[in-house]
Amino acid sequence: MIKKFSIILVALIVLTLGAGLVLPRSWRVERHVVINAAPARIHPLLFDLKRWQEWSVWTRAMDPLLRNTYEGPQDGVGAKWLWLGPAMGRGQIVITASDPLRGIELDESIEAEVVNARASLAFSAEGDATRVTWVDEGTLPLVVGGFFRGMVEEKLGAHLVRSLEKLKAVVEAQAQTSSTGSP
């Protein structure tokens, strides 16, 4: 009886490991929002990583014990945001490209010492408005990563939507304030 159980257990482990090796581990999430503003009004909120606290979901509201650290230049290429918290884990992003008319590109190291994801927030004209398209893609760890790919895409997609909606609200509120002359 114990021998049969052991054989079945080993077979299940081998099958699980085999499935983990062949499941796709690469993920890609793309979301967008149309903001009633020119890229010049949006770009400052993106290329200064400290300003992400004004609009992204990755703030102390998500993780009250979050510790943020910033390195490199204040903004633009080379600016780096490192975080550590029980809910958000450990990670960093570094701006690798920044263009006020086209957007920004980022390298991400999530729960790793090496870059394991890349992202871009790209601008495109949509009438007098600007479409901001956020693409985030990367690769999950070998064996177990494939089992979590769908969950990562779903959860990250929801975070991107909420962040983009807040970005839209912040930018449009600033544009409204400046056009009415209110403080």
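Residues numbered from 1 in each chain as written. Predicted model: local features only at pLDDT ≥ 70, side-chain atom pairs only at ≥ 80, totals over all residues. Heavy atoms only, no water.

> Go over the environment of D136, please, and point to the residues and values.
Here D136 lies in strand β7 (residues 129-139). A sequence separation of 16 residues divides D136 from S120, and the C-alpha atoms of the two residues are 6.7 Å apart. (Helix = DSSP H or I, 4+ residues; strand = E, 2+ residues; numbered from the N terminus.)

> Help me get a handle on the sheet that holds strand β4 (residues 89-99), residues and values and all.
The sheet built from 7 strands is open, its strands ordered β1-β7-β6-β5-β4-β3-β2 with antiparallel pairing. Each having just a single partner strand, β1 (26-35) and β2 (67-71) make up the two edges of the open sheet. Sheet twist, expressed as the mean angle between neighbouring strand axes with direction ignored, is 20°. (Pairing = 2+ DSSP bridges. Axes fitted to C-alpha atoms, helices over the stretch in contact; angles between N-to-C directions.)

> Outline the nonpolar core, listing residues and values.
A general trend in soluble globular proteins is that nonpolar side chains are found buried together. Of all hydrophobic cores here, the largest spans 35 residues; its most connected members are W52, W55, L121, W134 and L167. Every element with two or more residues in this core is listed here: β1, α2 (39-47), β3 (80-85), β4, β5 (103-110), β6 (117-126), β7 and α3 (145-180). Broken down by element, the residue count for this core peaks at 6 residues, all from α3. Those residues in contact with L167 that lie beyond four places of it in its chain are I35, I42, L45, L46 and W55. (Core = buried A, V, L, I, M, F, W, Y, C linked by side-chain atoms within 4.5 Å. Buried < 20%, exposed > 50% of the residue type's maximum accessible area, 1.4 Å probe, protein only. Contact = heavy atoms within 4.5 Å.)

> Tell me what's going on with the side chain of D48, and back it up with residues and numbers.
Position of D48 relative to the elements: it lies in the loop between α2 and β2. Here D48 sits buried without a salt bridge, and the closest side chain of opposite charge, R51, lies 5.2 Å off (N-O distance). A polar contact is formed between the side chain of D48 and the side chain of Q74, at a distance of 3.3 Å. In this structure D48 touches Q74 and D75, once residues within four positions along its chain are discounted. (Lys, Arg positive; Asp, Glu negative; His and termini not counted. Salt bridge = Lys/Arg side-chain N within 4 Å of Asp/Glu carboxyl O. Polar contact = N/O pair within 3.5 Å; in protein donor to acceptor, adjacent residues only side chain to side chain.)

> A description of the packing of aromatic side chains should follow, citing residues and the corresponding values.
Inspection of the entire model under this criterion finds 7 aromatic pairs. Ring centres 5.8 Å apart and planes at 80° place the aromatic pair W52 and W134 in the edge-to-face group. Of this pair, W52 sits in the loop between α2 and β2 while W134 sits in strand β7, and the two are 82 residues apart along the sequence. Residue W52 shares its accessibility class with W134, and that shared class is buried. Where Y70 meets W81, the ring centres are 6.4 Å apart and the plane angle is 20°; that geometry is what we call stacked. On the criterion of sequence distance, the pair formed by Y70 in strand β2 and W81 in strand β3 is long-range, its members being 11 residues apart. (Phe/Tyr/Trp six-rings, centres within 6.5 Å; stacked < 30°, edge-to-face > 60°.)

> Lay out the side chain of H159 in plain terms, naming residues and giving numbers.
One can find H159 in helix α3. Filtering out sequence-adjacent residues up to four positions away, H159 remains in contact with V57, W58 and M62.

> I'd like a description of a nonpolar patch on the surface, backed by residues and values.
A grouping of F5, L9 and I13 is seen on the molecular surface, where their side chains present a nonpolar patch of about 310 Å² in accessible area. Among the structural elements, F5 can be located in helix α1 (residues 2-22). Owing to a relative accessible area of 56%, F5 belongs among the exposed residues under this scheme. (Patch = residues over 30% accessible without salt bridge, like charges linked within 9 Å, V, L, I, M, F, W, Y side chains within 5 Å. Areas by Shrake-Rupley, 256 points an atom, 1.4 Å probe, with all protein chains shown as cover.)

> Quick one: what's the story with unusual backbone geometry, residue by residue and with numbers?
Negative phi values dominate among residues other than glycine, just as trans dominates among peptide bonds. Positive phi is not limited to glycine here, since E111 has a value of about 55°. You can see E111 is positioned in the loop between β5 and β6. A relative accessible area of 45% means that E111 is categorised as partly exposed.

> Before we move on, could you go through the environment of M88 and cite the residues and values that matter?
You can see M88 is positioned in the loop between β3 and β4. Relative accessible area serves as the criterion here: at 13%, M88 is assigned to the buried category. Those residues in contact with M88 that lie beyond four places of it in its chain are W58, T59, M62, D63, L66, W83 and E111.

So yeah, pure geometry; function would need other evidence.
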